[in-house]
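Structural characterization, general
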Amino acid sequence: MSSAVINNDNPDAMEPTLQSILDQKSLRWIFVGGKGGVGKTTTSCSLAIQLAKVRRSVLLISTDPAHNLSDAFSQKFGKDARLVNGFDNLSAMEIDPNGSIQDLLAGQGEGEGAGGTADIGGMGGMMQDLAFAIPGIDEAMSFAEVLKQVKSLSYETIIFDTAPTGHTLRFLQFPSVLEKALSKVSQLSNQYGPLLNGFMGSNGTLPNGQNLNEMMEKLESLRETISEVNTQFKDEQLTTFVCVCIPEFLSLYETERMIQELSKYGIDTHSIVVNQLLFPKSGSDCEQCTARRRMQKKYLSQIEELYDDEFNVVKMPLLVEEVRGKEKLEEFSKMLITPFVPPSAN
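Residues numbered from 1 in each chain as written. Predicted model: local features only at pLDDT ≥ 70, side-chain atom pairs only at ≥ 80, totals over all residues. Heavy atoms only, no water.

1. Looking at the pattern of salt bridges
Counted under the stated rule, the structure contains 6 salt bridges. Put simply, K315 and E304 hold a salt bridge, and the shortest N to O gap is 2.4 Å. Of this pair, K315 sits in strand β8 (residues 312-317) while E304 sits in helix α12 (residues 287-307), placing them 11 residues apart in sequence. The class of K315 is partly exposed, set by a relative accessible area of 24%. With relative accessibility at 26%, the residue E304 sits in the partly exposed group. The salt bridge partner of E330 is K326, with a shortest N-O separation of 3.0 Å. Note that E330 and K326 are positioned in helix α13 (residues 326-334) at a spacing of 4 residues, about one turn of the helix. Since its relative accessible area comes to 23%, E330 is described here as partly exposed. (Salt bridge = Lys/Arg side-chain N within 4 Å of Asp/Glu carboxyl O. Helix = DSSP H or I, 4+ residues; strand = E, 2+ residues; numbered from the N terminus. Buried < 20%, exposed > 50% of the residue type's maximum accessible area, 1.4 Å probe, protein only.)

The structure is reproduced here in structure tokens:
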């Protein structure tokens, strides 16, 4: 891994601009997002490591179907929070968006086997088809289930390693998506009451053991949880969003689009991490390195012109080795809060 040299007299010194997030003790929810392939997971893991040094307890959640947390830490994570190896106050979990809604519609795993998820049929199958027909419902239900779990836990700070930009922006719409789901279920119940009675047993359950009223109560409970947390998301004292990008046109374009959408939803964002910066040594004869650095400088200038006054812009170098495992993540995390200066030419 490249070494970091502290030299405040060097004009290329990088500002330790995520320190403000560590210092803001009131923050409970931190989102990390951006275009695919820009280093969101590396950044979120590194930020979580730094936060674990100054917080009582930290939970890192992946809502990205790619689930890179396990790869980043070289440790398997699942739908339940698990301590990260080497830490006593940093836990991680990975959520399957499709799995959450299937569990919900199948009574959250109740009655698996003869009457469980695999054999869901009749009106239960219709309910599942209906739910999946609502745009964004899979992410919304996943998010709702995560928040319901988190709400019952006592983590001081929760970090979300989000899916690529488009999916992240859909997450912000989940309250209205769940309202649509409730409305559809209610409409179905009213319109097809007699038909439903034909499917239901004497105790008001469907053939697979599900109770329609209980299902609606679960949805309503999730909606209430979402409404409460959504209010917190719009409180800048409790929530912030860290945008991650690389100095290229498409990434810069998506970052600007995301910042505008976050502003529309009232979610605070004032930090941008720019990854994969090249610093060719003085006198280097690598034409490709020099040309790419020239291109990167152009987009860096645009980023600083757009956001410098109101945003903390963190500049991170492209390293010669992949950032995987606890030790390398810890080294990378230091550069989020400590000025980095490229090694000088030999």
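2. Considering the state of the cysteines
Within the structure shown, the criterion is met by 1 disulfide. Between the sulfur atoms of C286 and its disulfide partner C289 the distance amounts to 2.4 Å. On the sign convention where negative is left-handed, the bridge of C286 and C289, at about 70 degrees about the S-S bond, is right-handed. Take C286: its relative accessible area is 21%, and that puts it in the partly exposed class. (Disulfide = S-S within 2.5 Å.)

3. So, the packing of aromatic side chains
For the structure shown, the criterion picks out 8 aromatic pairs. With a centroid separation of 5.0 Å and 85 degrees between ring planes, the pair formed by F31 and F233 is classed as edge-to-face. Of the two residues, F31 is situated in strand β1 (residues 29-34) and F233 in helix α10 (residues 212-233); the sequence distance between them amounts to 202 residues. Judged by relative accessible area, F31 falls into the buried class, the value being 4%. Measuring from ring centre to ring centre gives 6.2 Å for F73 and F77, while their planes differ by 85 degrees; the resulting arrangement is edge-to-face. Taken individually, F73 and F77 each receive the classification buried, so the pair is uniform in this respect. Put simply, the rings of W29, F31, F160, F233 and F241 pair up and form one aromatic cluster. The ring of W29 carries the charged tip of R28 above its face, separated from the ring centre by 4.9 Å. Positioned above the aromatic ring of F87 is the side chain of K326, whose terminal nitrogen or guanidinium carbon lies 5.1 Å from the ring centre. (Phe/Tyr/Trp six-rings, centres within 6.5 Å; stacked < 30°, edge-to-face > 60°. Lys NZ or Arg CZ within 6 Å of the ring centre and 35° of its normal.)

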